[in-house]
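Descriptive structure summary
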Amino acid sequence: METNGNEQVGSTPVKSLVVVFSYHHGNTEKIAHAVAGVLHAPVKTPQQVRPEEIAEYDLVGFGSGIYSATFDPSVLDLADRLPQVSDKKAFLFSTYGAPAFIANRKFIEKNHQQVREKLKAKGYTIIGEFGCAGWNTNSFLRFFGGLNKGRPHAEDLRNAEEFARSVKGKARG
């Protein structure tokens with residue numbers, strides 16, 4: 001779903017963008033599109049975005065699968081190359097291949113720590129973070145059908161949409 005990224009919020013337009021790296025099974029891309037649908041935002045990969053272009057948006061989401069407890073290097077590199085900003089809002093989202101039952105807010109925040117710190121250093125205010133399980137067939141897991149098969153599922157996508165409504169509300173302020 002490609003839109004122009006403009007969402008009317010009251011009388012104030014909030015121009016939004018969703019940047020995502022999704023590789024193995026498209027887990028994180030599914031979340032990105034659920035969020036973007038609520039925000040009426042385009043979805044782009046880190047390679048499709050020029051760092052200076054991001055400053056044109058009022059609200060930017062950064063998403064990735066979790067690899068070795070952090071975002072993909074392409075998202076981290078983009079965060080490093082962003083120009084300094086002020087009064088810009090961002091949100092983070094991810095999918096992870098760890099067992100779904102171990103994930104909690106602390107687990108998700110730990111996996112987001114590196115990108116969060118990079119964005120805050122560039123002047124972004126992080127107004128929300130979301131994470132959910134994704135299907136993982138890395139390494140030996142492929143021999144057993146993987147972990148979190150079928151994730152993200154419909155409930156995960158509904159939760160992502162609810163998260164998007166939440167950050168949209170926070171972006172109004």
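That block above? That's the structure.
Okay, so let's go over this structure. In this text the structure is predicted, and so the values were computed from the model without any measurement. (Residues numbered from 1 in each chain as written. Predicted model: local features only at pLDDT ≥ 70, side-chain atom pairs only at ≥ 80, totals over all residues. Heavy atoms only, no water.)

With their axes 8 Å apart at the nearest point, helix α1 (residues 27–39) and helix α5 (residues 154–171) run at an angle of 40° to one another. It follows from the interaxial angle that α1 and α5 lie oblique. Crossing of α1 over α5 shows right-handed handedness. Seen from α1, the contacting residues are Lys30, Ile31, Ala34, Val35, Val38 and Leu39; seen from α5, they are Asp156, Leu157, Ala160, Glu161, Phe163, Ala164, Arg165 and Lys168. (Axes fitted to C-alpha atoms, helices over the stretch in contact; angles between N-to-C directions. Helix = DSSP H or I, 4+ residues; strand = E, 2+ residues; numbered from the N terminus. Parallel < 35°, antiparallel > 145°, perpendicular 65-115°, else oblique. Left-handed = near helix turned anticlockwise from the far one by under 90°. Contact = heavy atoms within 4.5 Å.)

Turning to the nonpolar core, a few remarks are in order. Ranked by internal contacts, the top residues of the largest apolar core, which has 25 residues, are Val19, Ile54, Phe62, Phe71, Val115 and Leu119. Each residue touching Phe62, except ones within four places of it in the same chain, is listed here: Val19, Ile54, Phe71, Val75, Leu78, Leu82, Ala90, Phe91, Leu92, Phe93 and Leu119. Residues Val18, Ile127, Cys132 and Phe163 belong to the second largest nonpolar core, which totals 23 residues. (Core = buried A, V, L, I, M, F, W, Y, C linked by side-chain atoms within 4.5 Å. Buried < 20%, exposed > 50% of the residue type's maximum accessible area, 1.4 Å probe, protein only.)

Glancing now at the environment of Phe101. Mapping Phe101 onto the fold places it in the loop between β5 (88–96) and α4 (105–121). The exposure class of Phe101 is exposed, given its relative accessible area of 73%.

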